[in-house]
Amino acid sequence: MRTISGKVLDEQQDPVPGATVMVKGNSDYGTITDSDGEFSINIPAEENVLVISFIGMKTQEVDVSNTSSITIILESEIVHLAETVVVGYGIQKKETLTGSIANISGDDIRKSPEANVTASLQGKLPGLTINQRTGEPGSEELEILIRGNGTFRDNSPLIIVDGVERSNMSRLNPDDIESISVLKDASAAIYGARAANGVIIITSKSGKEGKPEFNFSYNYAFQSPTQIPEMLDAATFAEAYNEGDWYRQGRPDEYIPFYSENAIQKYRDGSDPVLYPNTDWVDVTMRSYAPQQRTNLQVTGGSDKVTYLLSFEIMDQEGIMKNNPTHYRQYNLRSNINVNLTENFSLGANIYAILNDREYPSTYADNPDNDYWVDFYNILQANPTLPARYPNGLIAPGRLQENPLLLDRRGYYKVEDRPVYSTFKGTYKVPFVEGLKIDASFNYDLSHQFSKRWSTPYYYHEYNVNTDEYEKKWATNEPTAELTDTYNRWTTMLYNYKIVYDRDFGKHHVGAMVGQEQQKSTWNYTQAYRKNFVSSAIDQINVGSSAAEDKNNGGSASSDAYNNYFGRFNYNFESKYLFEFIFRYDGSQKFPEGKRYGFFPGFSVGWRLSEEDFMKNNLPFVNNLKLRLSHGIIGNDRVDSYQHLQSFSFGGNYVFGTSDAAGIYANTMPNPNITWEESKKTDVGLEATLWKGLFGMDLTLWKEKRSNILTQRNLSVPKIYGFPALPDENIGEVDNHGFELDLSHRNSVGELNYNISGNIAFSRSEIVYMDEVPHAEPYQNLTGHPVGAGLYYKADGIFNTQEELDAYPHASGTQVGDIKIVDLNDDGEINAEDQYRFDYSATPEYVFGLNMGMQYKNFDLSLFFQGQTNAYNYDGTFAKLGNSSFDNAVVDRAKDRWNTENTDGTMPRADDFQPGNSTFYLFDATFVRLKTMEMGYSLPESIISKLRLTDCRLYISGSNLLTWAKEIKWADPENTGDFLNYPPLRTINLGVNVKF
């Protein structure tokens, strides 16, 4: 053994603390520099090369065969962590990239304690809009958009995981992710007919040479709703109901209130909790927090012949409601192995599974829009004068016998998902042609899903005022046990091969790639149903009644396929003048022969001005300055298959004698000319890095023209003519434009390293053509307005007095205290012609994020803020107050309502009237949120070495911690529609990460 000592400095001759110094190829011998940049390391006598590295600087190798003391100067690495970026079917250097591609590393994703990987991306990538509308365990699928809405229907992007279209992005193990790239411009053309809405590419980690390195992490989180509306107490509810009832009866002089003054007082003072309860349904039915646990173990290692990565993760998440069986458990398993069989030939296998079990109440619906009325409707809108649980602990019926505390008595809905994803690949480097290689892969995905919905009769207790007893009663809406078993099976088989050439010729760099790919996907399901079971204790289909009227079954199947050819050509001169051309010749089985194949080209050019001599000589502080331009044509085939064929449906049976003969009839008319939508995208960008990273900028201006949009005719073939359902046709047009700006700053002050980055993106669409039936007034047409713009009556305050009401046009039924609707067409009447097209929707036009991170010695802190503006949400539930359905209301709605004692109220009267949705209840959904925060401490070397560890870090993190909303204060402003859904969750997380 011998000792080497030295010092590590930066280009300004300042010490570099925390730099890693280790023997090349042997991590057993390593150390880090102290606060003065100094180090001392003992190494074997036969070892002669040290590797010195530090984040943000170029790694250096130093020969120490003839010295025992050295001084190393580390140079700044301008491209640093993002030196390479994953693109379609390849990897490119960021410095020579000419497309508009945003990317993020797996390390940044792991800083979020979210159970859903997609939620971890909110606000972090310019141009990517993600909205989290719900936090229900296992069902918190998020809305993802790239550059807003460009078409009339599905605007979601294409998701590529390890080279294959896969829908499991949200459920991936974040510790397995190497990077995520977002293709926003013509760079997506290489994915052809499915990429017009943009592409998200996720790349998983692979093994690396070296001895086995274990990475263990454990997290325990506390989850609670971000915002739950404050609902009325029983006394205020009763007063508001009386007011609404009085208005409904025509404001009679002699009125007998539904709730007497004596009853209201008892609600208020709580003197009789059985007959006059004051139920806080949120407090009674919801837990203070729900736990979430995540455990992950990963091992990597290998030799120059074989590298491997093995990982295993368990994630367990409970629901936030009492007496509710909501529970989600997920197992992630991955094996990624690469073998170099010869110097030129290698094989690899990347196999992973995401096994998950979900359990919900039997009232759960696969379509979340139909689910929440049983859960949150009966929590947030339940009448507070109804008891939830009697003082003796017995559970009351609640609203319509739907007390949420009864959900665990009503059976369950369980889903078992067992998907397995596999990729087998091979690479051959052609030995006699430098830079030429052949890549091939075969991918096979198989997913099984079994669901069981078991609905059982349930009971509750109800107080009988005559007998003074609590009677046990059975609910009438589920009189018998019912069971539905459903089995789904999906398969995807894809293979591709590509020939890649990449070589430098002096100052010239040439890259080329061509490939071919085929994909086939299938789906089938079977379903069985029975009711009237012998016993509700046995939840198996064969125990149900065999009577024809008590059972049912069903099933179906579908398949689709793609065949395509793709390619890329790159050229650059001195990494200064850049050019790229990409293409895809794509074929889809969805369309008729002659319309199945299309050519989708894209090109981009770039000029790195910073490499010009006149820039280097006159502006040396400019480290990187690049102009780029791209243009391409991309397709979208998100439409039902086989619309070029006449389809038929079964029904309309006929009776011949005593026989029932099945009927069949034509439904949707065929369209023999149907094909994909077409998107023309153009981007202009400017990238800059100044003063070695003290300032960074990336600005992009973009425009998209979407044509041949698939939609149905409304004007030229009106439905009143009695034709069968019309097929989709390529007739729509939408223009879309916007910009994206990303700014960054990073620096070191002594032992403090910090970075700040912010991004903002804007997008706005305009419908050019959609075969729209002209409305009575031009301002009602959707053409010329953004996609998703709705019709609303324009509100102008409240009719505070009878004189105001009499002096202005109003719809029949309007009373004093109602919303004043503007007479837009000035015809002296308020009717449907006074609605106008509001140019915003729940999809934000502006999204932004701000990231701040710092590291001081062994401590680190990161903060991330995310927000949106130019988004509006219509909340019809907020509008409800004192209605005849006995729905409870939000405190903010009732607080300053108009009534005879408050004629200057800012809110309409109880049970107010409006002829349709008005802008009064259309709220600005602007907000800024502390999306994530993480504080960590890494144990010093002196401690972890004694524990035989490589690293040990303790941390506390959180997500959705604080929210500043402009107008929507009573609920989470990220909701769309009303607030009667499972709310987004706030997470406080404690964790430890250990490497050994």
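Computed from a predicted structure; not experimentally measured. As a convention, each chain's residues are numbered from 1 in the sequence order in which they are written. At least 70 in pLDDT is required for a residue's local features to be given in this predicted model, at least 80 for side-chain atom pairs to be given and counted, and no such filter applies to totals for whole chains, interfaces and linings, which use all residues. Excluded from the side-chain calculations are hydrogens and water; all other atoms, namely the structure's heavy atoms, are used.

This paragraph deals with the overall build of the protein chain. Think of it this way: any DSSP run of H or I at least four residues long counts as a helix, any run of E at least two long counts as a strand, and we number them from the N terminus. Helix and strand content of the protein chain: 10 helices and 50 strands. Against the compact-globule benchmark of 30 Å for 996 residues, the protein chain has a radius of gyration of 32 Å, which places it among compact chains. Any residue under 20% of the maximum accessible area for its type is buried, any over 50% is exposed, and the rest in between are partly exposed; the area is computed with a 1.4 Å probe on protein chains only. Every one of the 996 residues in the protein chain was classed for burial, and the buried ones make up 51%. Contacts were defined at the residue level, with two residues in contact if any of their heavy atoms lie within 4.5 Å. Taking as baseline every contact in the protein chain between residues at least 6 positions apart, the subset at least 24 positions apart corresponds to 70%. If you average the places of the 90 positive and of the 132 negative side-chain charges in the protein chain, the two averages end up 6 Å apart. The globule rule used for comparison is 2.2 Å times the number of residues to the exponent 0.38, while the radius of gyration itself is calculated over C-alpha atoms. We count Lys and Arg on the positive side and Asp and Glu on the negative side, and we leave His and both chain ends out. Working definition for charges: the position is that of NZ of Lys, CZ of Arg, CG of Asp or CD of Glu.

Looking now at the sheet that holds strand E16 (residues 199–204). As summarised here, the arrangement of the five strands in space is E10-E15-E16-E13-E14, forming an open sheet in which the pairing is mixed. The open sheet has two edge strands with one neighbour each: strand E10 (101–105) and strand E14 (164–165). DSSP bridges decide pairing: two strands pair if at least two such bridges lie between them. As defined by bridge partners, strand E13 (residues 158–161) adjoins E16 across four bridges and the pair is classed as parallel. If you follow Ile160 over to E16, its bridge partner there is Ile201.

A word on helix H2 (residues 234–248). When the terminal C-alpha atoms of H2 are compared, their 21 Å separation across 15 residues agrees well with the 21 Å that a helix rising 1.5 Å per residue should span. With 11 of 15 residues buried, H2 lies mostly within the body of the structure. By the burial criterion, the buried members of H2 are Ala234, Ala235, Phe237, Ala238, Ala240, Tyr241, Asn242, Glu243, Gly244, Asp245 and Tyr247. In the segment just after H2, Gly250 is the residue with positive phi, at about 90 degrees. Any helix carries an expected span of 1.5 Å times its number of residues minus one.

Here we come to a negative patch on the surface. On the surface, a cluster of negative charge is contributed by Glu230, Asp233, Asp280 and Asp283. Within the element layout of this structure, Glu230 appears in the loop between strand E17 (210–225) and H2. Taking the relative accessible area as the measure of exposure, Glu230 reaches 55% and is therefore exposed. Like charges are joined within 9 Å and nonpolar side chains (Val, Leu, Ile, Met, Phe, Trp, Tyr) within 5 Å, but only among residues with over 30% relative accessible area and no salt bridge; these make up the patches. Here the open area of atoms and residues is found with the Shrake-Rupley method and a 1.4 Å probe, where only the protein chains shown may cover a residue. Just to be clear on terms, a salt bridge is a Lys or Arg side-chain nitrogen sitting within 4 Å of an Asp or Glu carboxyl oxygen.

Moving on to empty space enclosed by the protein. Each cavity reported here is a set of points on a 1 Å grid over the protein atoms alone in which a 1.4 Å probe fits but cannot get out, each pocket an open set with protein on both sides within 12 Å along at least five of seven lines, and each lining residue one with an atom within 4 Å of a point. Grid points are joined across faces, edges and corners, and a volume is the space filled by probe spheres set on the points. Under the counting rule described, the total for this entry stands at 13 cavities of 30 Å³ or more. Each pocket or cavity is described by its volume, and for the largest cavity that value is around 150 Å³. Taken together, 17 residues form the lining of the largest cavity, with Asn149, Ser765, Val787, Thr843 and Glu845 sitting closest to its centre. Of all the elements, strand E39 (residues 752–769) adds the most residues to the lining of the largest cavity, at three residues. Amino acids outside the nonpolar list (Ala, Val, Leu, Ile, Met, Phe, Trp, Tyr, Cys, Pro) and the charged list (Asp, Glu, Lys, Arg) are all regarded as polar, and Gly is one of them. Residues that form the lining of the largest cavity fall into these classes: five nonpolar, nine polar and three charged.

Enumeration according to the criterion identifies 60 salt bridges in this entry. Between Arg929 and Glu974 there is a salt bridge, and its shortest N-O distance comes to 2.7 Å. A residue pair is termed long-range when its members are at least 10 positions apart, and Arg929 in strand E48 (residues 927–938) and Glu974 in the loop between strand E49 (951–965) and strand E50 (985–995) qualify at 45 residues. Sharing partners across several salt bridges, the network here consists of Glu95, Arg608, Glu611 and Lys616.

Below, the discussion takes up the pairing of strand E28 (residues 551–573). Both strand E27 (residues 508–531) and E28 contribute to a ladder of 23 bridges, which runs antiparallel. By the bridge assignment, Ala528 is partnered in E28 with Asn553. Across 12 bridges, E28 lies against strand E29 (residues 577–588) in antiparallel orientation. Paired with Phe573 across the strands is Tyr577, a residue of E29.

Shape is all these values report; function is a separate question.
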